[in-house]
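This is what each chain is made of:
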Amino acid sequence: GGGRKKHNDVIFVLSLQGVPGADPRNEGRLDLFKQRWGESCDAAPHVIQCHGVPDDRRGYGITLSLLHCLEKARMMDFEVSMIFEDDARLFDRE
């Protein structure tokens, strides 16, 4: 594509929150991710949810979710794309 968008404050997060058929324990996980990110960084970036793909086979759902997310990021044409799972945690460095 043409000129790349330069947004350092946009991240993609894989999450089953709000996905039909997902385990109810996934509700609130994306919200918690945003909250914790904001607490660690004093500012929350723009978060783009990549909807998880429920699948009973180990590793299949996350792989499909990641592939869809990579395609979404590619189509949005950001210079850099950071992708996290909704249970990722930041740690303070001193």
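Please refer to the structure higher up on the page.
From a predicted model like this one, the values you see are computed outputs, not experimental measurements.

**Considering the state of the cysteines**
Counted under the stated rule, the structure contains one disulfide. Here C50 is linked by a disulfide to C69, with a sulfur-sulfur distance of 2.1 Å. The S-S bond linking C50 to C69 shows a torsion near 60°; that makes this disulfide right-handed. Of this pair, C50 sits in strand 2 (residues 46–51) while C69 is found in helix 2 (residues 60–76), placing the two residues 19 residues apart along the sequence. C50 sits in the buried class, given a relative accessible area of 4%. The exposure class of C69 is buried, given its relative accessible area of 0%.

**With respect to a nonpolar patch on the surface**
Together, L64, L66, L67 and L70 make up an exposed nonpolar region whose accessible area comes to about 320 Å². By secondary structure assignment, the location of L64 is in helix 2. Relative accessible area serves as the criterion here: at 32%, L64 is assigned to the partly exposed category.

The rules we used
- Residues numbered from 1 in each chain as written.
- Predicted model: local features only at pLDDT ≥ 70, side-chain atom pairs only at ≥ 80, totals over all residues.
- Heavy atoms only, no water.
- Disulfide = S-S within 2.5 Å.
- Helix = DSSP H or I, 4+ residues; strand = E, 2+ residues; numbered from the N terminus.
- Buried < 20%, exposed > 50% of the residue type's maximum accessible area, 1.4 Å probe, protein only.
- Patch = residues over 30% accessible without salt bridge, like charges linked within 9 Å, V, L, I, M, F, W, Y side chains within 5 Å.
- Areas by Shrake-Rupley, 256 points an atom, 1.4 Å probe, with all protein chains shown as cover.
- Salt bridge = Lys/Arg side-chain N within 4 Å of Asp/Glu carboxyl O.

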